[in-house]
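Summary of structural features
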Amino acid sequence: MLYNAARGLARITVRTLDLHDECERPLSQGNESMSQVPEIRMQDSASLIVFGPIDRLGADNIFHHISGMELFRGLTSRGVWFCSRRVTIQAGTPVLFYLKHTGVVGSALIQSASTVEECDNSILSRYGLIGYFRTKLGITDTTRIDPAVDLKPLIQRLGFIANKGNHWGTSLRSTPRRIPKTDFNLIIARAKSHDKRRRAE
């Protein structure tokens with residue numbers, strides 16, 4: 001994984017796991033152009049994935065804490081993400097990753113969506129999450145957004161947030177959820193603005 005904190009928007013190189021099973025299929029690398037991935041088509045809408053840290057009881061009967069960023073780096077560096085419900089999403093859909101109590105920490109493109117299979121347990125077991133998920137998303141072109149984009153200053157301008165008051169967080173309960181492409185572009189523009197300001201300092 002390549003990440004330079006000083007550069008803010010950092011490219012995470014997508015790689016596949018060397019697990020030697022039929023579950024692992026080649027994913028396009030982060031440095032490939034869209035013309036090299038013909039199955040991906042840009043969409044009029046985008047998606048927002050909301051996630052948080054994990055606290056689980058291990059085999060040693062001790063609770064283990066996995067931070068949200070550890071989970072984000074661990075899965076996106078392998079070109080995958082998992083969802084607890086059945087998800088239908090088109091290849092080429094841009095997606096944002098929202099870490100609870102932090103903000104939008106990354107973006108990517110959906111490459112595929114498939115049912116979680118037994119061979120996916122090799123990844124899920126690392127986080128104690130076997131049996132929790134139904135859908136596996138293949139992702140590519142992952143970009144880390146640092147600093148994270150706080151959505152609160154953008155509430156009035158974001159179309160997917162229906163409640164603009166104190167309970168705006170209710171719009172983040174369903175994950176992944178479809179959001180307008182204009183909302184995606186607004187958040188990415190804010191991320192680039194932060195990055196540009198950081199470089200100028």
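As the structure is a prediction and not an experimental result, all values here were calculated from the model. (Residues numbered from 1 in each chain as written. Predicted model: local features only at pLDDT ≥ 70, side-chain atom pairs only at ≥ 80, totals over all residues. Heavy atoms only, no water.)

Moving on: the overall build of the chain. In terms of regular secondary structure, the chain is built from 3 helices and 9 strands. Start at the N end of the chain and walk to the C end: the helices and strands fall as β-β-β-β-α-β-β-β-α-β-β-α. When each of the 201 residues of the chain is scored for burial, the buried share is 48%. If you take every contact in the chain between residues at least 6 apart in sequence, the share linking residues at least 24 apart comes to 71%. Accessible surface, the chain: about 10800 Å² in total, of which carbon and sulfur atoms supply 49%. (Helix = DSSP H or I, 4+ residues; strand = E, 2+ residues; numbered from the N terminus. Buried < 20%, exposed > 50% of the residue type's maximum accessible area, 1.4 Å probe, protein only. Contact = heavy atoms within 4.5 Å. Areas by Shrake-Rupley, 256 points an atom, 1.4 Å probe, with all protein chains shown as cover.)

Attention now goes to the packing of aromatic side chains. The tally for this structure, following the rule as stated, stands at 5 aromatic pairs. For the ring pair F51 and F72, a centre distance of 6.2 Å and an interplane angle of 15 degrees mean the geometry is stacked. Linking F51 in strand β2 (residues 45-51) with F72 in helix α1 (residues 68-76), this pair joins segments that are 21 residues apart in sequence. In terms of burial, F51 and F72 fall into one category: buried. Their ring planes at 70 degrees and their centres at 5.4 Å tell us that F72 and F97 sit as a pair that is edge-to-face. (Phe/Tyr/Trp six-rings, centres within 6.5 Å; stacked < 30°, edge-to-face > 60°.)

Here we come to the confidence of the model for the chain. On average, residues of the chain score 78 in pLDDT, and 75% of them are at 70 or above. When pLDDT is averaged over each element of the chain, strand β6 (residues 94-99) comes out on top at 96 and strand β1 (residues 10-11) at the bottom at 38. Counted against residues more than four places away or in other chains, residues 1-22, with its pLDDT under 50, gives 70 contacts. (pLDDT = per-residue confidence, 0-100.)

Of all hydrophobic cores here, the largest spans 27 residues; its most connected members are F51, L75, W81, F97 and L137. Among the secondary structure elements, those contributing two or more residues to this core are β2, α1, β5 (80-83), β6, β7 (103-115), α2 (121-124) and β8 (135-149). Sequence-distant contacts of W81, defined by excluding residues within four places in its chain, comprise I49, F51, L71, F72, L75, T76, F97, T135, K136 and L137. V50, L154, F160 and A191 belong to the second largest nonpolar core, which has 22 residues in total. (Core = buried A, V, L, I, M, F, W, Y, C linked by side-chain atoms within 4.5 Å.)

Attention shifts here to the pairing of β6. Each regular strand shows side chains that alternate between the opposite faces of the sheet. Of all the 6 residues making up β6, 6 are buried; the element is thus mostly covered by neighbouring parts of the structure. Across the two faces of β6 the burial is the same, with P94, L96 and Y98 and V95, F97 and L99 all buried. Both β2 and β6 contribute to a ladder of 5 bridges, which runs parallel. When the sheet's bridge partners are listed, S47 is paired in β6 with V95. With 6 bridges joining them, β6 and β7 adopt antiparallel strand pairing. (Pairing = 2+ DSSP bridges.)

The next subject is unusual backbone geometry. Here D146 and P147 are connected by a cis peptide whose omega angle stands at 10 degrees. With respect to the helices, strands and loops of the structure, P147 is situated in strand β8. Its identity as a non-glycine residue notwithstanding, H101 has a phi of 65 degrees, on the positive side. Along the chain, H101 falls in the loop between β6 and β7. Here H101 falls in the exposed class, since its relative accessible area comes to 84%.

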